[in-house]
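These are the residues of each chain, in order.
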Amino acid sequence: MVGKKSGAVLLREEGLQRTDNNMDFASWPLAQMINQKNYYTEFLKRDDQILALRLQQEERLDQRKKAAVDRDRARAQDGQEGAYAEPEPDLEEDVPMDDAGNENFGSKTIIIHIGSQNLRIGFATDALPKTVPMVVARKAARSEAEDSEPCPKRLKLDDDTPSEEWFGEEFTKEYASMAAEFKVYRRQNRRRVLPNSRELVTKWNSTNPPEKISEHNDPLRVEWTEIPADTRQAPEYFVGAAALRIPQNSKPRYKLHWPVRHGWLNESDYNSRRVLISDFFLILEHSILNELQALPKKDWHQYSCVFVIPDLYEKVIVADILAELLRDFGFSRVCFLQESLAATFGAGFGAGCIVDLGAQKTSICCVEDGMCIEESRINMKYGGYDVTETFIRMMLHDRLNYSDLNFMRRHDFLLAEELKEQFTTMSDENIVVQTHSFHVRAAGEDTRKYQFKIYDEGMLAPLGYFRPAIFDNSKKLDGRRKLIPRSLDLYDGRPNDPMSEAQLAVISYVEKNIPSAVMAEPAKPVRYVPTPMAPTPLKQRPLGIPARLNGDIENTPRSSVAGSPPPEVGTPMGGDLTIGDITVNEIADPQLDTEGVDRTVPIMPLEQAILTSIDLASGTDERRRRDFLGSIMLIGGASKTPDLGAYLETRLRAAMPQYPKEILVVPPPRELDPAVLVWKGGSVFGKLRTTNDSWISPLEHDRLGARILNYKCMWHW
C-alpha cells in the first residue's frame, strides 16, 4: 500500500511548484514605506535651492569680484591704496542707487501707470509724467457715433416727449429725491433757497437758441488731427490725444477703441482677445516711442520698467503683461507695484487709508509699514466719468438747449469733460441760478455759442459718490468674461484672483440696497429629458485622471466600481464662512462662488466704503483704527472736485460721531497733483536700492514663467 503523498510532492510532480529565479513580479520600482517617526528633507529649504534667490546671490558675488578687479587694476596703474572702495552688498536704508558711471539710476527706469482712462508714463527722474488717453482710432466703415446709441442713453419715445421722461422714471425719482434732500441740507446751513429756482432754469434753457460764430472769427478754434487727402496714405491708426481730435466725418472714417474700461480690459467692444491685447500694448509701445524722447526700440534692452497694477488685480492679465514687457518690448528687468502702496511712496506716508478716485473706478486700501492690508482692498466701478455723464443727464433733464449732446461724438465728449471741470463743486456757498455759456466746436462747422442756466446740478452730480444709485450702471458689466476667463486653480477649481472681505462686503451691500446694479442671471439652456432606455454597462475612465480633465463635466455623480460615498455635511469640502453680515458659501464648485460676483457691479457710498475698509484693516485694535481715520488721503484725477475732501470729512464725522477729532481727510503733501501721485510713487520706488529683490529678469521668466511672481512680488501673490 502506497502512502499518501504531500501537497508539495504533488505540485512538484505536476510541475506546478514555484521555483525562485530571483526575478521580480514587475519591472516597476517599489517605493519603500517612510519611517514617519524619523524622516527629514531639505527640499526648497535653503536659499541656494530657489532660482530667484540664487541669482541674486550670484549677482552680488559678481559685483564683489568686479570691484576687486577694478581696485587691483587701479593700484597697479596709479600705485594708490584704496582707490576704489569695495561696494557694500546690502544696505538697510532706502537710498537712491547710482550706476557705475555716476549716472543716476532712474534715468534708465521707465514708470508705467495705467488708470481707468489715461496712461501715465515717464522716466523715474522726470518731475511729472506724460499723460496719454488710453484710446486708439482705427480705420473703419463707420465711426462710433454712427454705430452706437447716443450717450447718455435716451428712452425711445415720441418726438414731443418732455425731457423729464428721457432717462426713465427711476432716474427722475432719484434726481427729485436728491434735490429735496439738498434743499434741507442748505436750510440747515442757513442758505437762502428760492422755491422756483428749477422753473427759472428750465424756462431759460428751453427758450434760448444758440448763436453761430464763423470759424475764422473764433479765437479759440480747435486744431484737429490732419488726415491726408489721399485715403490710401491715411495712417492705419492714431493713438491718444490725436485720436480724440480726428474729425467726426473724416475720410476715411476712424472708429475709437478703448482697451481699458472701469479698471479692467474692455471685453464688450471687442470680439477677439488677440485684438484687445494688441491694442492695449500698441498704446504702450506708441507712447514709449513718441513721448519718451523718441526712444528707439533697439535700445529698450538697456532700460528697466516699474509697472503699477491695481490692488485687486487679475493674475492672467499681470502674467501677460510680464511676458510682453520682457519678450516683445525687451526690457532688461521688470518690477510690479500696487497702486495704494505707490501712493504712500509718493506722499511719504508710512501708514494711511488711500482713497483713489479715478475716471471710471474708485479704489480704497489701508497701507501700513509698506504693505497693503489684504482684507481692506476695495475696487468700486464709478468715478469722474460717471459724474460727467450724470451732470449732463441732469442738465438735459432741465431742458438744456443743446439737447443733441452725445458722448459718442468726440467733440461732445471733450466738451462734457470741460463742463464738468468748470461747474461741478461740493460747496453750496454759490449755488444760485446763474447764467453761463459754452462753445460747440466741430470740424468743418461753424462754432455755436450756447447760453444756459444751472442751479444745483453742479453739486448734485458729484454727490453721486455718496449716492451711487443715481449713476447709470446698466452697461458696466457688458461682455464681462467674454474673452478673458477667470483664473482658476488647476487642482480644486477655485478662483486664483485676489478677493478681500471688504470687497465682499461691497457686493453684499449692492445685493441688499441697489438691486438695479445686479445684472439678471443669464438664461440656462433647456435640458431635454431623454427617453428611458435599457441600462448600458458603465465605461470606466482611466485611472489617475481627474474627472474635469477626462471629459466628465456632468453635475450628476456617476456610480463607480468602488462605490465611494459622497462627502458628509460638515466635512472640509463645504461650509459657510460668515464675514460680518455676509455669508460666503465655500463649496468646491467655483461657479457657485463667482457667478454672483460677476453679475454684481461693486458700488457703495464713498464714506461707507472707507469705514468698511478701515474696520476690516484695524479689527479690534483701537490704536490702528484711530491712525487710519486720521490719515485718509484723497488722490486721483476725480478728487480735484472743489471742496470734495471737506465734504467727505463731514460725512465721515457724521457716520462716526465717537471720533470727532480723529477723522482727517488730507490732500497729497507738497502740493503734488493728486492725479499723478501714484506714478510719482512708482518713480520713487524705482530709484530705491532695496527694490533689487523685486526685479524680474528675462532669464528668471524663461526658467519659471509666471511662477517667478511668487518669489518677486512684495505681497502675497
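Residues numbered from 1 in each chain as written. Predicted model: local features only at pLDDT ≥ 70, side-chain atom pairs only at ≥ 80, totals over all residues. Heavy atoms only, no water.

For clarity, the cut-off: UniProt positions are given in the numbering used here, feature names are shortened, and annotations may be inferred rather than shown by experiment.
Looking at an unreviewed UniProt entry, the protein chain carries the name Actin-related protein, ARP8 class, with the source organism given as Dissoconium aciculare CBS 342.82. On record in UniProt, under Sequence similarities (unreviewed entry), the comment for the protein chain is "Belongs to the actin family."

**Quick look at the overall build of the protein chain**
Quick note on the threshold: Under the scheme used here, helices are H or I runs from DSSP no shorter than 4 residues and strands are E runs no shorter than 2 residues, and both carry numbers assigned from the N terminus. Working definition: with a 1.4 Å probe on protein chains only, accessible area under 20% of the residue-type maximum means buried, over 50% means exposed, and in between means partly exposed. Only heavy atoms enter the contact rule, under which two residues are in contact if any of them lie within 4.5 Å.
Secondary structure assignment for the protein chain yields 20 helices and 21 strands. Burial status across the protein chain gives 44% buried among its 717 residues. Pairs at least 24 residues apart make up 71% of the contacts formed inside the protein chain by residues separated by at least 6 positions.

**A short note on unusual backbone geometry**
In this chain, Cys-151 is followed by Pro-152 through a cis amide linkage whose omega measures 5 degrees. Cis geometry marks the peptide bond from Lys-251 to Pro-252, where omega comes out at 0 degrees. In this fold, Pro-252 is placed in the loop between α6 (241-244) and β7 (254-257). The phi torsion at His-262 lies on the positive side, around 55 degrees, for a residue other than glycine. Relative to the assigned elements, His-262 resides in the loop between β8 (260-261) and β9 (264-265). Relative accessible area serves as the criterion here: at 12%, His-262 is assigned to the buried category. Despite not being glycine, Arg-399 shows a phi value in the positive range, around 65 degrees. The topology assignment puts Arg-399 in the loop between α10 (384-397) and α11 (410-423).

**Here we look at the sheet that holds strand β3 (residues 130-133)**
Strand pairs in the sheet, formed through backbone hydrogen bonds, run parallel or antiparallel to each other. Going by this rule: For two strands to be treated as a pair, DSSP must find no fewer than two bridges joining them. Only the stretch in contact is used when fitting a helix axis, every axis being a line fitted to C-alpha atoms; angles between N-to-C directions are given from 0 to 180 degrees.
Spatially, five strands are ordered β3-β2-β1-β10-β11 in an open sheet, and the strand pairing comes out mixed. Edge positions in the open sheet fall to β3 and β11 (333-338), since each of these has one partner strand only. The mean inter-strand angle of the sheet, taken between neighbouring strand axes irrespective of direction, is 20 degrees. Bridging between strand β1 (residues 109-114) and strand β2 (residues 118-123) involves five bridges; their strand directions are antiparallel. Directly across from Ile-110, in β2, lies its bridge partner Phe-123. Packed on one face of the sheet, helix α8 (residues 315-327) meets β10 (304-309) and β11 and runs near 150 degrees to β11. Of the strands in this sheet, β1, β10 and β11 are in contact with helix α9 (residues 339-347), which crosses β11 at around 90 degrees.

**Some words on the environment of Glu-146**
Selection rule: Polar contact is the term for a pair of N or O atoms within 3.5 Å; when the atoms are in protein, one must be able to donate a hydrogen and the other to accept it, and sequence-neighboring residues count only if both atoms are side-chain atoms.
On the secondary structure map, Glu-146 appears in helix α3 (residues 144-147). Glu-146 sits in the partly exposed class, given a relative accessible area of 31%. C-alpha of Glu-146 to C-alpha of Met-408: the two residues are 262 residues apart in sequence and 8.6 Å apart in space. Among the polar contacts listed, one links the side chain of Glu-146 to the side chain of Arg-253, at a separation of 3.3 Å.

**So, the sheet that holds strand β16 (residues 434-440)**
The three strands are arranged β5-β17-β16 in an open sheet whose pairing can be described as antiparallel. Each having just a single partner strand, β5 (211-213) and β16 make up the two edges of the open sheet. With strand direction ignored, the average angle separating the axes of adjacent strands in the sheet is 30 degrees. In this sheet, strand β17 (residues 447-454) lies alongside β5 in antiparallel orientation, the contact comprising three bridges. Note on β17: the bridge partner recorded for Ile-213 is Thr-447. Contacting β16 and β17, helix α5 (residues 197-207) crosses the sheet at an angle of about 165 degrees to β17.

**A look at the pattern of salt bridges**
For clarity, the threshold we go by: Each salt bridge in this description consists of a side-chain nitrogen of Lys or Arg and a carboxyl oxygen of Asp or Glu lying within 4 Å of one another.
Counted under the stated rule, the structure contains 43 salt bridges. Here Glu-339 and Lys-361 are joined by a salt bridge, their closest N and O atoms 3.2 Å apart. Separated by 22 residues along the polypeptide, Glu-339 in helix α9 and Lys-361 in the loop between β12 (351-357) and β13 (362-368) bring together distant segments of the chain. Each member of the pair, Glu-339 as well as Lys-361, carries the same accessibility label: buried. A cluster of three or more residues bridged by salt bridges with shared partners is formed by Glu-267, Glu-314, Arg-480, Arg-481, Arg-486 and Asp-598.

**What about the packing of aromatic side chains?**
This is how the line gets drawn: Only Phe, Tyr and Trp rings are paired, with Trp represented by its six-membered ring, and only when their centres lie within 6.5 Å; those with planes under 30 degrees apart are stacked, over 60 edge-to-face, the remainder tilted.
One pass over the structure, following the stated rule, counts 26 aromatic pairs. Taking the centre distance of 5.4 Å and the plane angle of 70 degrees together, the rings of Phe-345 and Phe-685 count as edge-to-face. Here Phe-345, found in helix α9, pairs with Phe-685, found in helix α18 (residues 677-686); they are 340 residues apart in sequence, far enough to count as distant. Take Phe-345: its relative accessible area is 25%, and that puts it in the partly exposed class. On the accessibility criterion, Phe-685 (2% relative accessible area) is buried. Among the aromatic residues, those joined into a cluster by ring pairs are Phe-280, Phe-281, Trp-300, Phe-329 and Phe-331.

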